[in-house]
Amino acid sequence: MQVERPLRVLGIETSCDETAAAVVSSDRQVLSNIVLSQLDEHRPYGGVVPEIAARSHIDHLDSLIAQAMQTAGLTYDDLDAVAATAGPGLIGGVMVGLMTAKAIAVAAEKPFVAINHLEGHALTARLTEDVAFPYLLLLISGGHCQLLVVKGVGHYQRLGTTIDDAAGEAFDKTAKMMGLGYPGGPALEKAALNGDALRFSLPQPMKGRPDYNFSFSGLKTAVRREIEKLSTSITAQDIADLSASFQWALASAIEDRLARAMAYFADHVGGENMTCVVAGGVAANHYLKQKLQDVAHAHDFRLVVPPPALCTDNGAMIAWAGVEYAREGRFAPLDTGARARWPLDPDAPAVIGAGVKA
Ligand code: KG4
Ligand code: ZN
């Protein structure tokens, strides 16, 4: 594209329970980043209700976009592209953001970019730090848990994925069993601060397996059994100890998988400055981040973890991915559809149990 000044892209995210809009420029400035969480609307149900999410996106998205444009001090005329999450995610919500972005693109006569939500997470580190391709990516969110080699924009090699629950899902479900409320990840991390991680001996799923896959449902079941044993006499200290033991076991399993992936990357991809990016909502977990830092150190990798506000779902990550595509002139046709499932590596072999999480 021939533009003298940095490119500016509006990004819209509506694939789960955050309604978000942001404007980001190609010189890595976040000009605005407005996120409206629907937590309070879903909390009574203990999880995200797709129909409520879609309706709430409809109610709030227009005013959020107006806020994002106003904060950035721009009009639609000043934009170089409009980007939206086109999947994977809850299809009703994805459609809301996608249709809105297309309408703005048509009305303002700007190109449209369709973003894979997972790629938004994957590329965020290039917005916040100097990260060059190729790099290793550990994507740990509420819906996904994967290890990938990021070779370039739109170019991924999946090494492994979860065969059942995603890491964030395991946090959320385990927290729910312990009555820690929703969302479970941050609540469980907080409870674990006062707990003894050595009190309960829980499984570290997949540890030592000769692949790069994850599994967390057995760990969740093991916690359930401990809760049943404690029955009605369960105390706040029991819950803190269970949380700490769960977090330790989960981290230990992820450390093992990551170490294997780093060894693969060093042998098969290599490069002078080997970098591992951790992305997705679970990357906000301080305990896990420290553990992953230790693994990176041991394998001579630089670990890059974007700040928590850019790890959990937001519009800036979609706007930035939009910048990455726009500067390569890779725009999407206006008949691009919403996709519930959209793997980053379409060539990766199917993994039994992975389903939409692949
Ligand atoms: O990336 P994200 O915002 O949404 C998805 O695309 O899934 O990730 C949300 C997930 C939830 O499962 C939430 O419990 C988890 O990230 N999470 C955490 C923490 N903060 C968010 N899990 C563990 N510790 C945290 N501090
Ligand atoms: Zn996400």
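Scroll up to find the structure.
Here's a quick rundown of the structure.

1. Some thoughts on the overall build of the protein
Across its full length, the protein carries eleven helices and ten strands. Here the C-alpha atoms of the protein give a radius of gyration of 20 Å, agreeing with the 21 Å that 2.2 N^0.38 yields for 358 residues. Seen through its C-alpha atoms, the protein measures out along the principal axes to roughly 60 × 50 × 35 Å. A total of 358 residues make up the protein; the buried ones form 56% of that total. Total accessible area on the protein is roughly 14700 Å²; 53% of this is exposed by carbon and sulfur atoms.

2. Here's the deal with the side chain of Arg126
Relative to the helices and strands, Arg126 is located in helix α4 (residues 117-128). Excluding residues within four positions of it along the chain, Arg126 makes contact with Arg28, Val131, Ala132, Phe133, Tyr135, Trp320, Glu324 and Arg327.

3. Details of the coordination of the zinc ion (ligand 2)
Around the zinc ion (ligand 2), the protein contributes the donor atoms His117 (NE2), His121 (NE2) and Asp313 (OD), at 2.0 to 2.2 Å from the metal centre. Coordination at the zinc ion (ligand 2) is irregular: its four donor atoms span angles of 94 to 147° at the metal. The sequence motif formed by the donor residues of the zinc ion (ligand 2) is H-x3-H-x191-D. Of this pair, His117 and His121 are both found in helix α4, four residues apart, which corresponds to roughly one turn of the helix. Each member of the pair His117 and His121 is classed as buried.

4. A short note on the pattern of salt bridges
For the structure on display, the rule yields 17 salt bridges. Note that Asp211 is salt-bridged to Arg209, the shortest N-O span being 3.2 Å. Between Asp211 and Arg257 there is a salt bridge, with its nearest N and O atoms 2.9 Å apart. On the criterion of sequence distance, the pair formed by Asp211 in the loop between α6 (184-192) and α7 (217-230) and Arg257 in helix α8 (residues 236-268) is long-range, its members being 46 residues apart. This pair shows no difference in class: Asp211 is buried, exactly as Arg257 is. Each of the salt bridges in this network shares a partner with another, and the network as a whole consists of Asp165, Glu169, Lys173 and Lys220.

Cut-offs and rules
- Residues numbered from 1 in each chain as written.
- Chains lettered and ligands numbered in written order.
- Predicted model: local features only at pLDDT ≥ 70, side-chain atom pairs only at ≥ 80, totals over all residues.
- Heavy atoms only, no water.
- Helix = DSSP H or I, 4+ residues; strand = E, 2+ residues; numbered from the N terminus.
- Rg over C-alpha atoms; globule rule 2.2 N^0.38 Å.
- Buried < 20%, exposed > 50% of the residue type's maximum accessible area, 1.4 Å probe, protein only.
- Areas by Shrake-Rupley, 256 points an atom, 1.4 Å probe, with all protein chains shown as cover.
- Contact = heavy atoms within 4.5 Å.
- Donors = N, O, S within 2.8 Å, 3.2 Å for Na, K, Ca; no water.
- Tetrahedral: all angles 85-135°; square planar, octahedral: opposite > 155°, others 65-115°.
- Salt bridge = Lys/Arg side-chain N within 4 Å of Asp/Glu carboxyl O.

The values are spatial; any link to function lies outside them.
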